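Working through the structure, step by step
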Amino acid sequence: MIIRNVTVIGGQEAAPITGAEVVVTDGRFSAIRPATDAARPAPGGTPVLDARGGYLVPGLWESHTHLGGHAWFKPENERAKYVSQLLTDFLSAGVTNVVDLGGPLEMELAARDYRDKATDVAAGLFFAGPVFTGVKGWPVLDDPARAPIAYQTDNADVAYRQALELADQVDFIKCIYDGEPGAADKLPLDALKGIVAAAHEKGKKVLVHVHERIDLEEAVASGADGIEHAFRPEDPGSTAEALDVAALLAETNTYYCPTLVTWEQIAHNGEAGYLQQLIDDGFATHDDIPQITSRPIYGHQFPRHSAQDSRIRFDYAMRTLALMHDAGVKITAGSDVAMLMPSPPVALMRELHLLAKAGLPLPAVLAAGTRHAAEKIGQQATTPGTITVGAIADALLLDADPYVDIAHLVDRSHHIGTLRAGRPSWEMASS
Ligand SMILES: [Zn+2]
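Residues numbered from 1 in each chain as written. Predicted model: local features only at pLDDT ≥ 70, side-chain atom pairs only at ≥ 80, totals over all residues. Heavy atoms only, no water.

**What about the packing of helix α7 (residues 240-252) against helix α11 (residues 307-326)?**
Cut-off, in case you're wondering: A fitted line through C-alpha atoms represents every axis, and for helices the fit uses only the stretch in contact; the resulting angles, taken between N-to-C directions, go from 0 to 180 degrees. Elements are defined by DSSP. Helices are runs of H or I of four residues or more, strands are runs of E of two residues or more, and each kind is numbered from the N terminus. An angle below 35 degrees is treated as roughly parallel, one above 145 as roughly antiparallel, one from 65 to 115 as roughly perpendicular, and anything else as oblique. For a crossing to be left-handed, the near helix must be turned anticlockwise from the far one by less than a right angle; the clockwise case is right-handed. Whether two residues touch is decided by their heavy atoms; if any such pair falls within 4.5 Å, the residues are in contact.
With their axes 9 Å apart at the nearest point, α7 and α11 run at an angle of 45° to one another. When the axes of α7 and α11 are compared, the pair comes out oblique. Two packed elements cross with a definite hand, and for α7 against α11 that hand is right-handed. The segment α7 lies against α11, with Ala 240, Glu 241, Ala 242, Leu 243, Val 245, Ala 246 and Leu 249 engaging Tyr 316, Thr 320, Leu 323 and Met 324.

**Observations concerning the packing of aromatic side chains**
Keep this limit in mind: Any two of the Phe, Tyr and Trp rings considered here, Trp counted by its six-membered ring, make a pair once their centres fall within 6.5 Å; the pair's planes then place it as stacked at under 30 degrees, edge-to-face at over 60, or tilted in between. Definition used: whenever NZ (Lys) or CZ (Arg) falls within 6 Å of the ring centre and also within 35 degrees of the ring normal, the charge is taken to sit over that ring.
Under the criterion given, the structure shown has four aromatic pairs. Taking 4.8 Å as the distance between ring centres and 20° as the angle between the ring planes, the aromatic pair formed by Phe 132 and Tyr 151 counts as stacked. Of this pair, Phe 132 sits in strand β9 (residues 131-133) while Tyr 151 sits in strand β10 (residues 150-152), placing them 19 residues apart in sequence. The ring of Tyr 177 carries the charged tip of Lys 186 above its face, separated from the ring centre by 4.3 Å. Sitting over the ring of Trp 263, Arg 313 keeps its end group 4.0 Å from the ring centre.

**A few points about the domain arrangement of the chain**
When the parts of a complex come together, some accessible area is lost, and that lost area is often used as the size of the interface. Defined as follows: Delimitation of the domains relies on an automatic or database domain assignment. What gets called buried area is simply the loss in accessible area from a 1.4 Å probe that two parts show on being joined, summed for both. The salt bridge definition used is simple: a Lys or Arg side-chain nitrogen within 4 Å of an Asp or Glu carboxyl oxygen.
Along its sequence, the chain is carved into domain 1 (2-57 + 387-430) and domain 2 (60-376). For domain 1 versus domain 2, the separation of C-alpha centres amounts to 30 Å. Facing the 21 residues of domain 1 at the interface are 23 residues of domain 2. Overall, the association of domain 1 and domain 2 removes approximately 1,700 Å² of surface from exposure, summing both partners, and the carbon and sulfur fraction of that is 67%. The largest contributions to the domain 1 side of the interface with domain 2 come from Ile 406, Val 410 and Arg 420, which together make up 32% of the buried area. Summed over the shared surface of domain 1 and domain 2, the result is one salt bridge.

**Here we look at the nonpolar core**
Inclusion rule: To form a nonpolar core, buried Ala, Val, Leu, Ile, Met, Phe, Trp, Tyr and Cys residues must be joined to one another through side-chain atoms within 4.5 Å. Note on exposure labels: buried denotes an accessible area under 20% of the residue type's maximum, exposed denotes more than 50%, and partly exposed covers the range between, all computed with a 1.4 Å probe on protein chains only.
By size, the foremost hydrophobic cluster in this structure holds 96 residues, and its most contacted members are Ile 173, Tyr 256, Leu 321 and Leu 409. If you count residues domain by domain, this core takes at least three from each of domain 1 (2-57 + 387-430) and domain 2 (60-376). Residue contacts for Leu 409: discarding those within four places in its chain leaves Val 57, Leu 60, Leu 352, Leu 366, Leu 396, Leu 398, Pro 402 and His 415. Membership of the second largest hydrophobic core comes to 18 residues, among which are Val 6, Val 8, Ala 20 and Ala 393.

**As for the coordination of the zinc ion**
Worth spelling out the cut-off: Water is absent from the atoms considered, so a metal site may look incomplete; donors are defined as N, O and S atoms within 2.8 Å of the metal, or 3.2 Å for Na, K and Ca.
Surrounding the zinc ion are the protein donor atoms His 64 (NE2), His 66 (NE2) and Asp 336 (OD), at 2.0 to 2.5 Å. Read in sequence order, the donor residues for the zinc ion give the motif H-x1-H-x269-D. Residue His 64 is located in strand β6 (residues 60-65), and its partner Asp 336 is located in the loop between α11 and α12 (344-357); the two are separated by 272 residues in the primary sequence. Look at His 64 and you get buried, because its relative accessible area is 0%. Overall, the relative accessible area of 13% leaves Asp 336 in the buried class.

**As for unusual backbone geometry**
In this structure, Pro 139 follows Trp 138 across a cis peptide bond, with omega equal to 5°. Within the secondary structure, Pro 139 is located in the loop between β9 and β10. A positive phi angle, close to 55°, is found at Leu 141, a residue other than glycine. In this structure, Leu 141 sits in the loop between β9 and β10. With a relative accessible area of 27%, Leu 141 lands in the partly exposed category.

**A look at the packing of helix α6 (residues 213-221) against α7**
Test applied: Here the nonpolar group is Ala, Val, Leu, Ile, Met, Phe, Trp, Tyr, Cys and Pro; Asp, Glu, Lys and Arg are the charged ones; every other residue, Gly included, is treated as polar.
Two numbers describe how α6 lies on α7: the axes approach to 11 Å, and their chain directions differ by 15°. In terms of orientation, α6 and α7 fall into the roughly parallel class. In terms of crossing hand, the pair formed by α6 and α7 is left-handed. Here α6 contributes Arg 213, Leu 216, Glu 217 and Val 220 to the contact with α7, which in turn contributes Glu 241, Asp 244, Val 245, Leu 248, Leu 249 and Thr 252. Its residues assigned to classes, the contact of α6 with α7 shows five nonpolar, one polar and four charged.

**Considering the side chain of Ser 310**
For Ser 310, the position within the fold is in helix α11. Assessed through its relative accessible area of 0%, Ser 310 is described here as buried. Contact partners of Ser 310, with chain neighbours within four places excluded, come to Trp 263, Ile 266, Ala 267 and His 305.

The following block contains the structure:
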């Protein structure tokens, strides 16, 4: 298949290529030619799309979600099918890969099995399976029904062995490192170190959920590959902590996924002004509002994370993320479980919008939603989140330049269609 006369924004540092020709063979990008070389006739029968005026960018990545959270209210035997449906929804929104940061292993394996047998097209799925946490730690707390989503551990040797075994079945490992130091519900630091060592022995990355700055620093010192969630600063009035943290993350090449959209909505859950803001920014319509306000979570306190705490984290991240980017931090775009968004894919679009609003340059926003997400979980060899020769052909075709306005990337009215492993969502004509 050939896509002609398109501007390729490959997702790397290189400048966009205008008037390019992109060739896809067996599900991968096999050639990306500049305009000067692109005039040759296509071999007879090759499907060709003339994409004049279009912009081809890497398919988007949701770099932090919990599909099991969305599927939680479905009967157990329907969850794999429901997750598959969510992956189809993601793809129609321009998201070609979804990274699940924690859920029941059985459900994740069943979902993968379901997708392997399915003939329709959906976003790719990468998952952590159960997370490691302390005894009755977040997100299990006192709810025995939540036990399958975590290994609750107080012993470094046990955690190390569990991580070795789990690493063979999942794409990466996720730890929760959140709570008072020494408290039973916090993962012990030596257990965190053991889990990282086990995962790295198996060639798998480790992503660590943090709360305080000290959690982040200890996670990095333990060898974490990615930090999940904007940390809460001790002094929100100063940018100094962000700069210190940025220097640490940049020096250790640790990815940073702030999950802004989740802190934004925990901070503002129940406020009419927040819903109006979503409408004004194009992420919800008036018709979505009754549905959102009737959800059981609407207007209720979120467990463990208070509105006030979330507001501090959100405001501080919005104020300092551009500084952190300038200091060399690789930021990734993930929304977590944003329960008030009209749909899971819209949560990622809001996250990308917020990253732009925080002052990240638009090429950095695109990297956060593509390449950095792939690198964070070690997928750069085959599914790198870039348009490069040899990569799995995941892409999003836009009708306007995403480096001019973030809306050109996140507003579906600008999406012409997607390529997922070389399969286009648009009709192709033959040459
Ligand atoms: Zn999460």
